[in-house]
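Topology and contacts: notes
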Amino acid sequence: METEDRKARDRRLREEDFMKAAATLFAERGYDQTSMEDIAKAADYATGTIYRYFESKEKLYYQILLDKGRMYFRDIQSVISGNEGPREKIESYIRGKVHFIFENGIFMQLSLIHI
């Protein structure tokens, strides 16, 4: 198993901080009413720092949707690739989808936002 070097880990953690803050603000205020400055402040970073990681609010929003979408499809793939019969797979899929929605409510709100 490869280990992340400190610089890569710090970068990943900052990106996660920005995405979490952005997702929360987008869900609370809406996309149009949220600025990059708002996101940086909520993540407890200087405004200039966010632009080192995301060149625009649109790219940050897209990255949030992409990451959560990948997570969702990984969950679906694990259900589909199981050894259960069709009925059990459908039941597992539904349970998994409901669980994902409850665990990722902000993502569900964000997926309804149109830029």
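See the structure printed just above.
To start, this report covers the structure provided alongside it. Note that the structure is a prediction, hence the values are computed from the model and not measured. (Residues numbered from 1 in each chain as written. Predicted model: local features only at pLDDT ≥ 70, side-chain atom pairs only at ≥ 80, totals over all residues. Heavy atoms only, no water.)

1. Structural notes on the nonpolar core
In terms of nonpolar packing, the biggest core is built from 18 residues, with F18, F26, I39, I50, F54, L60 and I64 touching the most fellow members. With seven residues, the single largest contributor to this core is helix 1 (residues 6-29). Among all residues touching L60, those that are not within four sequence positions of it are F18, M19, A22, M36, I39, I50 and F54. (Core = buried A, V, L, I, M, F, W, Y, C linked by side-chain atoms within 4.5 Å. Buried < 20%, exposed > 50% of the residue type's maximum accessible area, 1.4 Å probe, protein only. Helix = DSSP H or I, 4+ residues; strand = E, 2+ residues; numbered from the N terminus. Contact = heavy atoms within 4.5 Å.)

2. Some points on the packing of helix 4 (residues 57-80) against helix 5 (residues 86-103)
For the pair helix 4 and helix 5, interaxial distance at closest approach is 9 Å and the crossing angle is 155 degrees. Accordingly, the angle class assigned to the pair helix 4 and helix 5 is roughly antiparallel. Relative to helix 5, the crossing made by helix 4 is right-handed. Seen from helix 4, the contacting residues are K68, M71, Y72, D75, I76, V79 and I80; seen from helix 5, they are K89, S92, Y93, K97 and F100. (Axes fitted to C-alpha atoms, helices over the stretch in contact; angles between N-to-C directions. Parallel < 35°, antiparallel > 145°, perpendicular 65-115°, else oblique. Left-handed = near helix turned anticlockwise from the far one by under 90°.)

3. So, the packing of aromatic side chains
In this description, an aromatic ring pair is defined by two values, namely the gap between the centres and the angle between the planes. On inspection of all chains with the given rule, the structure shows six aromatic pairs. When the ring of F18 is compared with that of Y45, the centres are 4.9 Å apart and the planes differ by 50 degrees; the resulting orientation is tilted. Remark: Y45 occurs in the loop between helix 2 (36-42) and helix 3 (47-53) and F18 occurs in helix 1; sequence separation between them is 27 residues. Members of the aromatic cluster, each reached through a chain of ring pairs, are F18, Y45 and Y53. One Lys or Arg, K57, reaches over the ring of Y31 and ends 4.2 Å from the middle of that ring. (Phe/Tyr/Trp six-rings, centres within 6.5 Å; stacked < 30°, edge-to-face > 60°. Lys NZ or Arg CZ within 6 Å of the ring centre and 35° of its normal.)

Structural measurements only, silent on function.
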